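Chain by chain, the residues run as shown.
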Amino acid sequence: MIKKTIILLSIPLLLIQCNTKSNPFLITKESVGELTKKTDVKNIQTAFIKDSIVKDSTEVALVSSTKKIEIYEKGGKHLLSLTPNNDSISTIKNIRVYDARYTTDKGINLNSTFKDIKDNYSIKKVVNSLNNVVIFLKDNDIYFTIDKKELPANIRYTNTTIEAVQIPDAAKIKYFMIGWD
């Protein structure tokens, strides 16, 4: 009887674990889909076995430390761009997300707005650049870029500091990236 109860109670936990592991588009603090902070660049082809990997044709090996690696679905949809680091065992330094199916564990994706970001994350700082503002999060490696066209005209063309409260809730995410050390 006790064994049956333990088995019955463990089934929901197994289903939850399988559900999170099987989502190839889930972004967590430690992973982006099948990629983790420790994924060796040599193993990217294994992680994206059903997809196409495009690298600079001048590269001799996939382990080049300065070139981008583009990941596409077999149908041609751009999924991710990866930038390897310069370590002796090359892992992934930066990931740019191109596909809206990639969603953070808090539900944020390319179809989200600034309101969604601020409702789900603590904002560390906002960096003003020429055409965009970049939103950095506290305790997270994800950063979001919003086009300045989404901002009010009175701050769109300034080089001054832009505060999070000045960004409209409806401002759309242009793209987002994950920067792993």
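A.B. asks: Explain the overall build of the chain here, please?
C.D. replies: In terms of helices and strands, the chain carries four helices and 12 strands. Here the chain holds 181 residues, and the buried ones make up 39% of them. Sequence-distant contacts in the chain: of pairs separated by 6 or more residues, those separated by 24 or more amount to 44%. Entry remark: accessible area of the chain is about 11100 Å², with carbon and sulfur atoms responsible for 54%.

A.B. asks: Please explain the pairing of strand β5 (residues 69–72) as it appears in this structure.
C.D. replies: Two faces, one strand: in a regular strand the side chains alternate between the faces of the sheet. In terms of strand pairing, β5 meets strand β6 (residues 78–84) through four bridges, oriented antiparallel. Residue pairing across strands places Y72 opposite H78, the latter belonging to β6.

A.B. asks: I would appreciate a short explanation of the packing of aromatic side chains in the present structure.
C.D. replies: Tallied over the full model, the rule gives four aromatic pairs. Seen in terms of ring centroids, F25 and Y102 are 4.9 Å apart; in terms of plane orientation they differ by 80°. Their pairing is edge-to-face. Of this pair, F25 sits in the loop between α1 (2–21) and β1 (26–27) while Y102 sits in the loop between β7 (92–97) and β8 (103–104), and the two are 77 residues apart along the sequence. Here the two residues F25 and Y102 agree in accessibility, since each one is buried. Ring geometry for F144 and F176: centres 5.3 Å apart, planes at 40°, overall tilted.

A.B. asks: Explanation requested: the side chain of N109 in the structure shown.
C.D. replies: Positionally, N109 belongs in the loop between β8 and α3 (114–120). Among the polar contacts made by the side chain of N109, one reaches the main-chain carbonyl oxygen of A100 at a distance of 3.5 Å. Sequence-distant contacts of N109, that is, excluding residues within four places in its chain, are made with A100, Y102, T103, I173 and F176.

A.B. asks: What is the right way to look at the pairing of strand β12 (residues 175–179) in this model?
C.D. replies: Across the five residues of β12, five count as buried, placing the element largely inside the fold. Here β12 shows two buried faces, one formed by Y175, M177 and G179 and the other by F176 and I178. As defined by bridge partners, β7 adjoins β12 across four bridges and the pair is classed as antiparallel. By the bridge assignment for β12, V97 is matched with F176. For strand β11 (residues 142–147) and β12, the ladder comprises four bridges, and the chain directions are antiparallel. Looking at the pairing, Y143 lines up with M177 of β12.

A.B. asks: Is there a simple way to think about the pattern of salt bridges in this case?
C.D. replies: A side chain of one charge can pair with a side chain of the opposite charge if their charged atoms are brought near each other. The tally for this structure, following the rule as stated, stands at seven salt bridges. With a closest N to O distance of 2.6 Å, K118 and D169 form a salt bridge. With K118 in helix α3 and D169 in the loop between α4 (153–156) and β12, this residue pair connects regions lying 51 residues apart in the sequence. For K118, a relative accessible area of 37% corresponds to the partly exposed category. The salt bridge involving D147 is made with K174; its shortest N-O contact spans 3.6 Å. Here K174 lies in the loop between α4 and β12 and D147 lies in strand β11, a separation of 27 residues in the sequence. By relative accessible area, which is 40% here, K174 ends up partly exposed.

A.B. asks: How should I be thinking about unusual backbone geometry in this particular structure?
C.D. replies: Peptide bonds are mostly trans, and most non-glycine residues show a negative phi. A positive phi angle is found at D139, which is not glycine, with a value near 55°. Mapping D139 onto the fold places it in the loop between β10 (132–137) and β11. Overall, D139 belongs to the exposed group, its relative accessible area being 65%.

A.B. asks: Help me out: how do you make sense of the confidence of the model for the chain in this one?
C.D. replies: Note that predicted coordinates carrying low pLDDT should not be read in detail. In this model, the chain carries a mean pLDDT of 83, and residues with pLDDT of at least 70 account for 79%. Ranking the helices and strands of the chain by mean pLDDT puts α3 first, with 98, and α1 last, with 47. For residues 5–20, every residue scores under 50 in pLDDT, and the model assigns this stretch one contact once sequence neighbours within four places are set aside. When the criterion is pLDDT under 50, residues 57–66 qualifies, and its contacts beyond four places in sequence or with other chains add up to 17 contacts.

Calculation criteria
Residues numbered from 1 in each chain as written. Predicted model: local features only at pLDDT ≥ 70, side-chain atom pairs only at ≥ 80, totals over all residues. Heavy atoms only, no water. Helix = DSSP H or I, 4+ residues; strand = E, 2+ residues; numbered from the N terminus. Buried < 20%, exposed > 50% of the residue type's maximum accessible area, 1.4 Å probe, protein only. Contact = heavy atoms within 4.5 Å. Areas by Shrake-Rupley, 256 points an atom, 1.4 Å probe, with all protein chains shown as cover. Pairing = 2+ DSSP bridges. Phe/Tyr/Trp six-rings, centres within 6.5 Å; stacked < 30°, edge-to-face > 60°. Polar contact = N/O pair within 3.5 Å; in protein donor to acceptor, adjacent residues only side chain to side chain. Salt bridge = Lys/Arg side-chain N within 4 Å of Asp/Glu carboxyl O. pLDDT = per-residue confidence, 0-100.

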